[in-house]
Each structure stands twice: as C-alpha cells, then as structure tokens.
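Residues per chain are reported as follows:
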Amino acid sequence: MPGLGSDERESIGLRALPSLQRLLEAPETVALLAAYPRSEIVAALRGVLAAARTGFVAGQSVPGAGVLLKEAEAALRAGASGGMRPVINATGIALHTNLGRAPLAVEAIEAAMQAAGCCTLEYDLEAGERGQRLAGVEPLLVRLTGAEAAVAVNNTAAAVLLALGALAAGGEVIVSRGELVEIGGGFRIPDVIRQCGAVLVEVGTTNRTRLADYADAVTPATRMVLKVHPSNYRILGFTAEATVGELAWLTRARGLVLMDDVGSGALGPLRGRDAEPTVRGALASGADLVAFSGDKLLGGPQAGLVVGRHAAIDPLRRHPLMRAVRLDKMTVAALEATLRLHLDPDRAALRVPALRMLGQDEAVLQARAERLLAELAGLDAGLDARVEATVGEAGAGSLPGVGIASRGVTVGGTGIEELARRLRMGDPAVVGRVAQGRLVLDLLAVGDDEVEAVGAAVRCALA
Ligand SMILES: *Cc1c(COP(=O)(O)O)cnc(C)c1O
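Trainee: Got a sec to walk through unusual backbone geometry? Specific residues and values, please.
Mentor: Note that the residue after Asp427, namely Pro428, is joined by a cis bond; omega there is 5 degrees. Assignment of secondary structure puts Pro428 in the loop between helix H19 (416-425) and strand E15 (429-431). A positive phi angle, close to 50 degrees, is found at Asp384, a residue other than glycine. The backbone of Gln436 sits at a positive phi, close to 50 degrees, despite the residue not being glycine. Inspection of the secondary structure puts Gln436 in the loop between strand E16 (433-435) and strand E17 (438-442).

Trainee: Provide a residue-level description of the sheet that holds strand E14 (residues 404-411), including the pertinent values.
Mentor: Across a sheet, strands are paired by hydrogen bonds formed along the backbone, either parallel or antiparallel in direction. Here four strands make up an open sheet; going across it, the order is E13-E14-E17-E16 and the pairing antiparallel. Edge positions in the open sheet fall to strand E13 (385-392) and E16, since each of these has one partner strand only. Across the sheet, the axes of successive neighbouring strands diverge by a mean angle of 40 degrees, strand direction being ignored. Bridging between E13 and E14 involves eight bridges; their strand directions are antiparallel. Counterpart to Ala385 in the pairing with E14 is Val411. In the packing of H19 onto the sheet, contacts are made with E14, E16 and E17, and the angle to E17 comes to roughly 35 degrees.

Trainee: Could you give me a rundown of the site of the ligand, with the residues and numbers involved?
Mentor: Around the ligand, the structure places Arg101, Asn155, Thr156, Ala157, Ile183, His229, Ser231, Asp261, Gly263, Ser293 and Lys296. Take Arg101: an N or O atom from its side chain is 3.0 Å from an oxygen atom of the ligand. Here an oxygen atom of the ligand sits 2.8 Å away from a polar atom, N or O, in the side chain of Thr156. In isolation the ligand has 390 Å² of accessible area, and contact with the protein removes 93% of it. Only helix H8 (156-167) and strand E10 (257-263) provide two or more residues apiece to the shell around the ligand.

Trainee: With reference to specific residues and values, describe the sheet that holds strand E5 (residues 172-176).
Mentor: If you walk across this open sheet you meet the seven strands as E4-E12-E11-E10-E9-E5-E8, and the pairing is mixed. A strand with exactly one partner marks an edge of an open sheet, and here the two such strands are strand E4 (149-153) and strand E8 (199-203). Recorded for the sheet is a direction-independent mean angle of 20 degrees between the axes of neighbouring strands. In this sheet, strand E9 (residues 222-228) lies alongside E5 in parallel orientation, the contact comprising three bridges. From the neighbouring strand, Glu172 faces E9, where its bridge partner is Thr222. The strands that helix H7 (residues 137-145) touches are E4, strand E11 (289-293) and strand E12 (304-308); relative to E4, the one it contacts most, it runs at about 120 degrees.

Trainee: Describe in detail the packing of helix H18 (residues 362-376) against helix H20 (residues 451-462), supporting the description with residues and values.
Mentor: Closest axis-to-axis distance for the H18/H20 pair is 9 Å, and the angle between their directions is 35 degrees. Like other packed secondary-structure pairs, H18 and H20 cross with a definite hand, here right-handed. Contacts between H18 and H20 involve Arg368, Arg371, Leu372, Glu375 and Leu376 from the first element and Val451, Glu452, Val454, Gly455, Val458 and Arg459 from the second. Taken together, the residues of the contact of H18 with H20 sort by class into five nonpolar, one polar and five charged.

Trainee: Please give an account of the packing of aromatic side chains that cites residues and values.
Mentor: Centre-to-centre distance and the angle between the planes together describe a pair of aromatic rings. Taken as a whole, this structure holds zero aromatic pairs when the rule is applied. The aromatic ring of Phe238 is capped on one face by Arg208, whose charged end is 3.8 Å from the ring centroid.

Trainee: Explain the pairing of E5 to me, and be specific about the residues and the numbers.
Mentor: Counting buried positions over the five residues of E5 gives five, a clear majority of the element. What you see with E5 is no split at all: Glu172, Ile174 and Ser176 on one side and Val173 and Val175 on the other are buried throughout. Here five bridges tie E5 to E8, and the two strands are oriented parallel to one another. Paired with Val175 across the bridge in E8 is Glu202.

Trainee: Give me the side chain of Thr331: which residues, what numbers.
Mentor: You can see Thr331 is positioned in helix H15 (residues 329-342). Every residue in contact with Thr331, bar those within four places of it in the chain, is listed here: Pro301 and Gln302.

Trainee: Could you give me a rundown of the environment of Val192, with the residues and numbers involved?
Mentor: Locating Val192 in the fold gives a position in helix H9 (residues 189-195). Spatially, the C-alpha atom of Val192 lies 6.6 Å from that of Leu161, the residues being 31 residues apart in sequence. Other than its neighbours up to four places away in sequence, Val192 contacts Val160, Leu161, Leu164 and Phe187.

Trainee: Which residues make up the side chain of Asp261, and what are the values?
Mentor: Note on placement: Asp261 falls in strand E10. No salt bridge is formed by the buried Asp261; its nearest oppositely charged neighbour, Lys296, is found at 6.9 Å.

Trainee: Give me the lowdown on the environment of Glu450, citing residues and values where you can.
Mentor: Position of Glu450 relative to the elements: it lies in the loop between E17 and H20. Residue classification places Glu450 among the partly exposed residues on the basis of a relative accessible area of 24%. Considering only alpha carbons, one finds Glu450 and Asn89, 361 residues apart in sequence, at a separation of 9.7 Å. The residues contacting Glu450, other than those within four sequence positions of it, are Ile88 and Ala445.

Trainee: Can you break down the pattern of salt bridges residue by residue, with the values?
Mentor: Taken as a whole and judged by the stated rule, the model has 27 salt bridges. The salt bridge partner of Asp295 is Arg101, with a shortest N-O separation of 2.9 Å. Of the two residues, Asp295 sits in the loop between E11 and E12 while Arg101 sits in the loop between strand E1 (87-89) and helix H6 (106-115), which places them 194 residues apart along the sequence. Residue classification places Asp295 among the buried positions, given a relative accessible area of 7%. The class of Arg101 is partly exposed, set by a relative accessible area of 21%. One salt bridge in this structure joins Glu388 and Arg438, with 3.5 Å as the shortest N-O distance. Taken as a pair, Glu388 in strand E13 and Arg438 in strand E17 lie far apart in primary sequence, 50 residues in all.

Procedures and definitions
Residues numbered from 1 in each chain as written. Predicted model: local features only at pLDDT ≥ 70, side-chain atom pairs only at ≥ 80, totals over all residues. Heavy atoms only, no water. Helix = DSSP H or I, 4+ residues; strand = E, 2+ residues; numbered from the N terminus. Pairing = 2+ DSSP bridges. Axes fitted to C-alpha atoms, helices over the stretch in contact; angles between N-to-C directions. Contact = heavy atoms within 4.5 Å. Near = heavy atom within 4 Å. Polar contact = N/O pair within 3.5 Å; in protein donor to acceptor, adjacent residues only side chain to side chain. Areas by Shrake-Rupley, 256 points an atom, 1.4 Å probe, with all protein chains shown as cover. Left-handed = near helix turned anticlockwise from the far one by under 90°. Nonpolar A, V, L, I, M, F, W, Y, C, P; charged D, E, K, R; others polar. Phe/Tyr/Trp six-rings, centres within 6.5 Å; stacked < 30°, edge-to-face > 60°. Lys NZ or Arg CZ within 6 Å of the ring centre and 35° of its normal. Buried < 20%, exposed > 50% of the residue type's maximum accessible area, 1.4 Å probe, protein only. Lys, Arg positive; Asp, Glu negative; His and termini not counted. Salt bridge = Lys/Arg side-chain N within 4 Å of Asp/Glu carboxyl O.

The following block contains the structure:
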C-alpha cells in the first residue's frame, strides 16, 4: 500500500484478519469440537492468528478465514498424533537406531501391553508379599548364557557405568588403545571411566595390543581389565589383540575383574556371521562380566544386560545407582518374553524380528520386492520402478562392514526427493533412501505384511 505509513498499513491490514471469536463460531470449528477439546482448538486458532500477524508484518498478505481454519485443523491433527509415529523401515538398515532399533516380537509387544496395567512387577503372588523386579528375567539370562548370575538395566551404557562404579571406583581400569571407542550419541569409554571415579590406563596402540601390554600395566591400584567390542568400526590390516581367554589368565592370576562389553549381544553364532563375539563365547573364555544390549541382535526392548560370576554381579545389584538405571515394567515384560523366545533358537529365528531380518534368504527378499513392484504397476508411467539388488546392513553398530544381500524397489525420474519427503510425511511414514538419483525402498526390514501399505503409501504420495 504505497503512500501509507507503516503503522497505517499495519492497522488496516490487521483489521482484515478475522477475530478469534469469528473463527470459533465458524461451522468448520464447530465440527472440530467432536474430535478435539475446546481448549486445544482455541490454542490452535490463537497459534495460526499469531503466525498470520507475524507473516503480515514481514510483508505477506493476510490469509482469509478459510485458510486459517485449515491450518488450525492441520496443527490439531499433528498435535493429536504426538511426536512419535509408526514408521515402515525401508532404509535397508535392519536395526536402525533412529527408528527404534529392534522391532519387538509380537509376543514381547503383547507382554508389554499386559504389563501396562497392574502386574507382578515386584510382587510374589504365592507369598502375598513384595517380590523381585527381575525374578523372571535373571533365571532366563542365566539359562541362555550359562552365567552364574545376571542383572538387567536401562541400556548397555548404564550397565557399563554401573559395573565400573561398583567394581572399579577409586582404582585403575586397563583398556586397549584400540578399544577406546565412542558409541553413538557421545558414550565415550574414557569419559565414562572418569565419570565413575576410576583412572583409565591405556595400553598398546590403535592397531596392536598384546597380553604383555596389559600385564606390564597392572599395579596394586588396578581393579579391572575392560575389553570393549569396537562395534561400529573395524581395524583391518596389521592388527593384534589379546583374546578374552588370554586376558582371563592374567586377571585370575592378579585378582582383577575382567569385563567384556560385547555390545550387540548375539547369544550364539549367527548364520554366516561368525565375526560377532557371542555372550556365551566371552563367558566360556573366562570373562567375569559380559555386558550386552537388549535391543540389538537380541531383538528385545532397550536394555543393558550384564551376566557373569556371582561375586562380580552382586555388587552391581547393591550399588546405589541400580535404582536410577532400573528397568520399567513394560520393558521387563517385553524382555522376559523375548528371552523366552530365545530358549528355542529355531523359534527365535522365526519369531524375533531382528533375527528373522538378518537370516532372510535372498529368494524371499526377491519375492517381496516383486510383490511391491506389482503393487506399483499401473501407476504414473514416468515412475520408472524396478527391482534391484541392494546391500543392506545390520545397523546399531552390529556387524560393521558386513553387507547383507537384499533387494529394493528403486524409483527414478524427477522429483525423487519430493516423493521421498511425501512418503516420510505419510501415514504410516515410509522411510527409504535416495542413492544415485533413485529412491530406494529396501525390503530388508519391511515385513511381508507391510508390502501392501508401502504400495498404498507410494500411490498416496503420487496422488
Ligand atoms: C551399542 C553398544 C553400547 C551401547 O549400548 P546401548 O544399549 O545403546 O547403551 C555399548 N557398548 C558397545 C560395545 C556397543 O556396541
């Protein structure tokens, strides 16, 4: 509005903006009252009005009532669906940390849902009095790993923190320079040791550490030798490391604790993936404590599991941090159900999604990809969709550098980034990846029962 002062422009323009009262009385708003609380609707309308005022001051035109009401409804819908939404994982990364890592087995989901109400979290029905939170989980962990005792806490980071605090505070902890790792999200072994009030003693070099390096570093202040599986990277070439068996020989002779953080938590050997250390193997080689994750290769809920000797586990149970890092009831229930599935390895391979995904035959993946391609048949001819061989990965720092032969439906053409974005914003959200100018929908982590939904999502995103 040339010729008007900016104050005048503002007062005229803002008068064109509908009032809150007018928006509240609109029939569209009245219809919304059936689905949302009035207070939420008022807050959403205030929000869009404030945004319109800010936009106007920044030079945009004043939106009409219809536009404002549509925006408010979208804001209400987004708010009601919450921050967390279900996702179909078409990334080709089986255990995707950002997408919730291991999807739970149906049995674990049902157990968690039942535990959501009242349950025997710390109650002994037979005795009619207080019971133990981990009364179901610990015996299962003992049976599955061959350990004497077990505890379960909130995650592996907490498990390592607890073990260092209980067994090494005030003393020295020896770690190989090749294992001073950072696990995603800033969990750095040197920092954790310091935080626990212990002194880190580094031995060896990045690529080579021998038993003698550890032996030379032992002093009267040494409490623990900590071995950490470098989950998310590999050192290749001219390398050497002391085995758990060799270290156990040293720690036994010197009265030290040997802890092995194996990370991903394969209970036993995985088909064709023998590079990953197993919990059983570490214990059998003589580790006093083995820490591993509940939601990596074990395929359960987020948890940190520690198994080992009574003498090493008992101080963890009694440590004041225990309460701060304990598991909640839904996790306890889901973990128990997952461990129960592992009692029968053949059943676990079929029922635990993490294991099922990593054990799939290429023919199964090929068939799933062809089904998805068929779902897309008849869509926009410019879509240029086809089945391609892809290389997926286990994810979550498990099996680094080990590619998993998979299949994807790839889509070419212009506007691929926009299609990928629409798929992410859809309901359910579908997360793929864009590589070499094509959108890849990898079938590695997509269930047979999700193929139709992915097809529908693409159709919807193109509409
Ligand atoms: C993944 C990992 C951790 C951290 O596990 P969380 O359960 O995510 O805390 C710790 N150590 C190793 C070796 C790991 O691989």
